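The chain contents come next:
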Amino acid sequence: MSAGKITRQNILDTDIYCLTAEKFSQGRSNLEIIKAMLDSGIKLIQYREKEKKMGAKYQECLEIRKMTREAGAAFIINDDIELAILVEADGVHIGQEDLPIEAVRKLVGENMAIGLSTHSPEQARDAVNRGADYIGVGPIFRTFTKDDVCDPVGFEYLEYVVKNIDIPFVAIGGIKENNVAEVVKHGARCVALVTEIVEAENIGTKINALRDAMQSSAES
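Residues numbered from 1 in each chain as written. Predicted model: local features only at pLDDT ≥ 70, side-chain atom pairs only at ≥ 80, totals over all residues. Heavy atoms only, no water.

Labelled according to an unreviewed UniProt entry, the chain appears under the name Thiamine-phosphate synthase, originating from Desulfovibrio gilichinskyi. The chain has a UniProt comment under Pathway (unreviewed entry) that states "Cofactor biosynthesis; thiamine diphosphate biosynthesis; thiamine phosphate from 4-amino-2-methyl-5-diphosphomethylpyrimidine and 4-methyl-5-(2-phosphoethyl)-thiazole: step 1/1." (UniProt positions renumbered as here; feature names shortened; annotations may be inferred.)

Colleague: Would you mind going over the overall build of the chain with me for this structure?
Modeller: Along the chain, the regular secondary structure elements total nine helices and eight strands. Computed over its C-alpha atoms, the radius of gyration of the chain comes to 16 Å, within 12% of the 17 Å expected for a compact globule of 220 residues. Projecting the C-alpha coordinates of the chain onto the three principal axes gives extents of approximately 45 × 40 × 35 Å. Pairs at least 24 residues apart make up 57% of the contacts formed inside the chain by residues separated by at least 6 positions. Only carbon and sulfur atoms are counted for the fraction: they give 47% of the accessible area of the chain, which is about 10,500 Å². Here the chain contributes 26 positively and 35 negatively charged side chains, and the mean placements of these two sets differ by 2 Å. (Helix = DSSP H or I, 4+ residues; strand = E, 2+ residues; numbered from the N terminus. Rg over C-alpha atoms; globule rule 2.2 N^0.38 Å. Contact = heavy atoms within 4.5 Å. Areas by Shrake-Rupley, 256 points an atom, 1.4 Å probe, with all protein chains shown as cover. Lys, Arg positive; Asp, Glu negative; His and termini not counted. Charge placed at Lys NZ, Arg CZ, Asp CG, Glu CD.)

Colleague: What is the right way to look at the pattern of salt bridges in this model?
Modeller: Any two side chains of opposite charge can pair, on the condition that their charged atoms come close. Taken as a whole and assessed by the stated rule, the structure comprises 18 salt bridges. Across the pair Glu 60 and Lys 52 runs a salt bridge, and its minimum N-O distance is 3.0 Å. Relative accessible area serves as the criterion here: at 11%, Glu 60 is assigned to the buried category. Here Glu 88 ties to Arg 69 by a salt bridge, and the two come within 3.0 Å at their closest N and O atoms. Taken together, the residues Glu 88 in the loop between α3 (81-86) and β4 (91-94) and Arg 69 in helix α2 (residues 54-71) connect sequence positions 19 residues apart. For Arg 69, a relative accessible area of 48% gives the class partly exposed. Counted as one network, the salt bridges with shared partners bring together Arg 8, Arg 105, Glu 110 and Asp 133. (Salt bridge = Lys/Arg side-chain N within 4 Å of Asp/Glu carboxyl O. Buried < 20%, exposed > 50% of the residue type's maximum accessible area, 1.4 Å probe, protein only.)

Colleague: Any chance you could explain the UniProt feature "binding site: Mg(2+)" (unreviewed entry) in the chain here in plain terms?
Modeller: As recorded in UniProt, the feature "binding site: Mg(2+)" (unreviewed entry) lies at Asp 79 and Asp 98. For the residues just named, distributed over 20 residues, the greatest C-alpha separation is only 7.4 Å, placing them together at one site. As for its position among the elements, Asp 79 is in the loop between β3 (74-78) and α3. Under the relative-accessibility criterion, Asp 79 is labelled partly exposed at 27%.

Colleague: Would you mind going over the state of the cysteines with me for this structure?
Modeller: Simply put, disulfide is the name for a covalent bond between the sulfur atoms of two cysteines. Counting across every chain of the model gives zero disulfides. With no disulfide of its own, Cys 61 lies 15 Å from the sulfur of Cys 18, the closest cysteine sulfur. The thiol sulfur of Cys 190 is not disulfide-bonded, and the nearest other cysteine sulfur, from Cys 18, lies at 9.6 Å. (Disulfide = S-S within 2.5 Å.)

Structure representation (structure tokens):
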């Protein structure tokens, strides 16, 4: 992410989009994981914890909000619009079956970014028309971090978005160190990863390896 104020327009201006997943974090807390991410220069973090109680999520997100602000990183909350508003997140990420973008915009106002998961060209075009600030494109590969995930969309849909959609996008779904270069070769400039990072024994080492793979692919 470029230096300066985080806005709806530049929130995806970075290379790696990290998501929390405490149940995959090898016994470490989200706060431990996020500190390691931020120490490694990550500038975009999404809080995604489906199974925690609301009070625990609120307290945790207050602390994450403080950490991300101090690090100059953007903070996005998955699905929970009320929580995003309460902790003054920079954005909220919603799915196809959540509240429509227009309704979310009424709730969050004009300053908060709205991201929408998409799985087809039709959904991407609809997201643009309805005012999404960015879209998630995927799952590129099969992923097991969500219970309700759809089948992989592969590179065909990613290539469509690269060529036809003029809002920012992040590639997501099953992306690992051993395939991230291929995702970049197909046009992704920002990639979202979950277990590949939170499961890593050394998060800083893993992020550096991912960045090396992305950079070498972009330059080739």
